[in-house]
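Chain and residue survey
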Amino acid sequence: MNTAIRSQREVIRGMLADLKMPGALEAVDGILGDIDGGRLAGTEAITRLLSAQITLRNNRRLQTAMRSSRLPAIKTLESFDFSFQPSIKREQIESLHELGFIERKENVVLLGPPGVGKTHLAISLAIAAAQRGRRVYYGTLIDLITSLEEAQAAGQLNRRLSVLTHPSVLVVDEIGYLPINHTGAVLFFQLMNRRYERGSTVMTSNKGFEEWGEVLGDDVMAAALIDRVLHHCHLVNIRGNSYRMRQHTDLYRALQSDVENPAEAVRPPRQSKSRIGNRG
Ligand SMILES: Nc1ncnc2c1ncn2[C@@H]1O[C@H](COP(=O)(O)OP(=O)(O)O)[C@@H](O)[C@H]1O
Ligand SMILES: [Mg+2]
């Protein structure tokens, strides 16, 4: 390599360091090598350089978000197996992951029986948002209510409500698994009232809306809550088998091939398909 090219490379490296682009800095030698070897053309080289930086930045954002958002796991759209859950409209889920709903401060409600991927998809939306630099926060309904009750007892309710109103995406997971008392329901209503048209809330429930009155212990408040939630809302209604049970389904299938009359002899467990929010 001649001296002019070498010093030119040093200049590029110096610029990337100056611009604080460590991802691009790490990738630049390989990219320049591929250009010199005739394996990479201009546009593609720039794309690869910038992608390296964006990937690093997104990973860093995700690491920060994982510390502050209380997300319980890393679940992504890429790791979601749509073929397992044919009732889900793939285009709807992919379009939600483009995150326009956050700009428009719309909500997402994922309904369906246990194990069908509600939490997975709620988390993957939050992760996509975190990677784009949005503030996200995760809690089960019970966790969120407990934190509001504690804040209220400490005379800090307003502050806590503000903190929970701040994130662009709040995940409220597991609405309906555990009963909540009247105080809890009022606090949740207050929170949702504050977030209404200010930020997106992604909710999951194993109960259809018609049962939310029972969940909140108050039909009138549930109706008012649902009215706000549904005003700007994307509904994802999942009907299908539990992913957690898929090993058992495989086992059933394996057994089936050994049985002479498989269709009648052994059947994988099936969820009812009749209505939203089947009881878990
Ligand atoms: N279609 C799917 N593809 C890949 N993993 C899935 C799928 N559905 C569920 N899972 C996984 O199965 C487990 C249970 O799913 P989860 O989202 O917690 O269900 P739910 O919240 O509906 O009860 C999780 O580990 C999740 O990542
Ligand atoms: Mg769940």
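Keep in mind that what you see is a predicted model, and the values were worked out from it rather than measured.

The next point concerns the site of ligand 1. Not every one of the 14 residues close to ligand 1 is listed here, only the nearest: Asp81, Gly115, Lys118, Thr119 and His120. Lys118 is positioned such that a nitrogen or oxygen atom in its side chain is 2.8 Å from an oxygen atom of ligand 1. A distance of 2.7 Å separates an oxygen atom of ligand 1 from a polar side-chain atom of Thr119. The fraction of the free accessible surface of ligand 1 (550 Å²) that becomes covered by protein chains is 87%. Comparing atom positions with the cavity grids shows ligand 1 to sit within the largest pocket.

Okay, helix 6 (residues 118–131) next. For helix 6, with 14 residues, the first-to-last C-alpha span of 20 Å sits near the 20 Å given by 1.5 Å per residue. Counting buried positions over the 14 residues of helix 6 gives 12, a clear majority of the element. What helix 6 keeps buried is the set Lys118, His120, Leu121, Ala122, Ile123, Ser124, Leu125, Ala126, Ile127, Ala128, Ala129 and Ala130. Phi turns positive, to about 85°, at Gly133, one or two residues after helix 6.

Further remarks concern the sheet that holds strand 1 (residues 107–111). The 5 strands are arranged 2-3-4-1-5 in an open sheet whose pairing can be described as parallel. Strands with a single pairing partner mark the edges of an open sheet, and in this sheet they are strand 2 (136–140) and strand 5 (233–237). This sheet shows a mean twist of 10° between the axes of neighbouring strands, independent of strand direction. Here strand 1 pairs with strand 4 (residues 200–205) via 4 bridges, running parallel. When the sheet's bridge partners are listed, Val108 is paired in strand 4 with Val202. Sheet strands touched by helix 9 (residues 182–195): strand 3 (169–175) and strand 4. Its angle to strand 3, the strand with the most contacts, is close to 150°.

Cut-offs and rules
- Residues numbered from 1 in each chain as written.
- Chains lettered and ligands numbered in written order.
- Predicted model: local features only at pLDDT ≥ 70, side-chain atom pairs only at ≥ 80, totals over all residues.
- Heavy atoms only, no water.
- Near = heavy atom within 4 Å.
- Polar contact = N/O pair within 3.5 Å; in protein donor to acceptor, adjacent residues only side chain to side chain.
- Areas by Shrake-Rupley, 256 points an atom, 1.4 Å probe, with all protein chains shown as cover.
- 1 Å grid on protein atoms, 1.4 Å probe; cavity = no way out; pocket = protein on both sides within 12 Å on 5 of 7 lines; lining within 4 Å.
- Sits in = over half its atoms within 2 Å of the grid points.
- Helix = DSSP H or I, 4+ residues; strand = E, 2+ residues; numbered from the N terminus.
- Expected span 1.5 Å × (residues − 1).
- Buried < 20%, exposed > 50% of the residue type's maximum accessible area, 1.4 Å probe, protein only.
- Pairing = 2+ DSSP bridges.
- Axes fitted to C-alpha atoms, helices over the stretch in contact; angles between N-to-C directions.
- Contact = heavy atoms within 4.5 Å.

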